[in-house]
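# Topology and contacts: notes
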Amino acid sequence: MGVRYNWQEGEIREIYNTPLLELVYQAASVHRQYHNPKQIQVCKLISIKTGACPEDCGYCAQSSRYKTEVKPQALLEKETVVNIAQQAKASGVSRVCMGAAWREVRDNSQFDEVLDMVREVTSMGLEVCCTLGMLTENQAKRLEDAGLYAYNHNLDTSRDHYSTIITTRTYDDRLNTINNVRQTNVTVCSGGILGLGESADDRISMLHTLANLNPHPESVPINILSQVPGTPLENQPDVPIWDVVRMIATARIVMPTADVRLSAGRARLSQIEQAFCFMAGANSIFSSDDGHMLTVTTPCPGYDSDKELLNLLGLEMRSPFVKGERKPAEAALG
């Protein structure tokens, strides 16, 4: 199967509704055409600025509009971030993602500090990803010059369902940020969240939007909602594991070259359930040194348990930069 950018929604629906085991078989076959099936990239997500976000995303523990366990914290010191990244690298992590609870990037001293963090962590030979909110083309170029490898900006859900989850930023705002990143050599990371009250058609629509971007996002995170007390979505039902597998498999087939990242919510999955996700085409996970993925409201498996899981399944941790978009030395030089 070749790479396509002209998918019809009906075609994706037909794939999504394929009998499950046949769907997993097809996805696994596509996966082996474009990826080393023995390799899983292990990532670490660091909240470099936590809480007090002005947006109203209905799932988010960091919104200033909701009372949650998350306590606002100022931007971390660069030394703190570097120490976390060093520990992650020593544990086999090859990609460090830095997230700030901002609506948008502002051209100020805090952004300058983030650029310094990007330079420092990149110089360690790690892929660096940032998720900082909306971004202008000039800001994307400054991140590129600092050596940034990837920028995360999720669509979250379908265009039709989006306004029921978020009102402080439009769907087109999200697509515009992705387009601004595409004016650089920084790779794009964009996916969504399962469990927001969306229908199967919403999931298919989101995949349709992503799969018709040219080029496809290099990374497609599939997140499972962590229901956070105090947020509007705290009482959403758990997402069935087979819905997760079906979504991963469909993403793998329609965006064959992308890394499909089994992201938030993985802590609730058993080893067998995670193995099904890997078989369906997921080839990246987030691991942790503190039991949390981004904040205390999102549990995340630890480095040791993930090593045990990968060893059990005969999988290995992928090195950074294996896809060759840019080499570490080139990135560090900007």
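Residues numbered from 1 in each chain as written. Predicted model: local features only at pLDDT ≥ 70, side-chain atom pairs only at ≥ 80, totals over all residues. Heavy atoms only, no water.

Considering every residue of the protein chain, the mean pLDDT works out to 87; 87% of them sit at 70 or more. Contacts from residues 325-334, a stretch scored under 50 in pLDDT, to residues over four places away or in other chains number 20 contacts. (pLDDT = per-residue confidence, 0-100. Contact = heavy atoms within 4.5 Å.)

A complete count under the given rule lists 3 aromatic pairs for this structure. Ring plane angle 70° and centroid distance 5.3 Å describe the contact between Tyr-162 and Tyr-171, whose orientation is recorded as edge-to-face. In this structure, Arg-4 is placed above the aromatic ring of Trp-7, and the distance from its NZ or CZ to the ring centre is 4.1 Å. Lying over the aromatic face of Tyr-16, Arg-246 brings its terminal NZ or CZ to 5.9 Å of the ring centre. (Phe/Tyr/Trp six-rings, centres within 6.5 Å; stacked < 30°, edge-to-face > 60°. Lys NZ or Arg CZ within 6 Å of the ring centre and 35° of its normal.)

This next bit is on unusual backbone geometry. Pro-215 follows Asn-214 through a cis peptide bond whose omega is 5°. Tracing the sequence through the fold places Pro-215 in the loop between α8 (200-211) and β7 (219-224). Here Asp-156, not a glycine, exhibits a phi torsion of approximately 75°, which is positive. Mapping Asp-156 onto the fold places it in the loop between β4 (150-152) and α6 (159-162). Overall, Asp-156 belongs to the buried group, its relative accessible area being 2%. (Helix = DSSP H or I, 4+ residues; strand = E, 2+ residues; numbered from the N terminus. Buried < 20%, exposed > 50% of the residue type's maximum accessible area, 1.4 Å probe, protein only.)

It is worth spelling out the pattern of salt bridges at this point. The full count for this structure, using the stated rule, is 18 salt bridges. Among the salt bridges present, the one from Asp-201 reaches Arg-13, with a minimum N-O distance of 3.2 Å. Linking Asp-201 in helix α8 with Arg-13 in helix α1 (residues 9-16), this pair joins segments that are 188 residues apart in sequence. Linking Arg-142 and Asp-107 is a salt bridge whose minimum nitrogen-to-oxygen distance equals 3.4 Å. With a gap of 35 residues between them, Arg-142 in helix α5 (residues 137-145) and Asp-107 in the loop between β2 (95-100) and α4 (109-122) connect regions that are remote in the sequence. Residue classification places Arg-142 among the partly exposed residues on the basis of a relative accessible area of 28%. Three or more residues are tied together by salt bridges with common partners; here these are Glu-9, Arg-13 and Asp-201. (Salt bridge = Lys/Arg side-chain N within 4 Å of Asp/Glu carboxyl O.)

Further remarks concern the pairing of strand β9 (residues 282-286). Within β9, 5 of the 5 residues are buried, which leaves the element mostly enclosed by the surrounding structure. Relative to β9, strand β1 (residues 39-49) runs parallel, the two being bridged by 3 bridges. Paired with Cys-43 across the strands is Phe-286, a residue of β9. Bridging between strand β8 (residues 259-262) and β9 involves 3 bridges; their strand directions are parallel. Pairing of Val-260 across the sheet is with Ala-282, part of β9. Between β8 and its parallel partner β9, the chain crosses via helix α10 (residues 271-279), and the hand of that crossover is right-handed. (Pairing = 2+ DSSP bridges. Right-handed = clockwise from strand over helix to strand, strands pointing away.)

Here we come to the pairing of β1. The two faces of a sheet get side chains in turn, since along a regular strand they alternate between them. When you tally the buried positions in β1, you get 11 out of 11 residues, the bulk of the element. Taken together, the 2 bridges between β1 and strand β10 (residues 316-317) define a ladder with parallel strand orientation. Across the sheet, the residue bridging to Ile-40 is Met-317, located in β10. Both β1 and β2 contribute to a ladder of 6 bridges, which runs parallel. Looking at the pairing, Leu-45 lines up with Cys-97 of β2.

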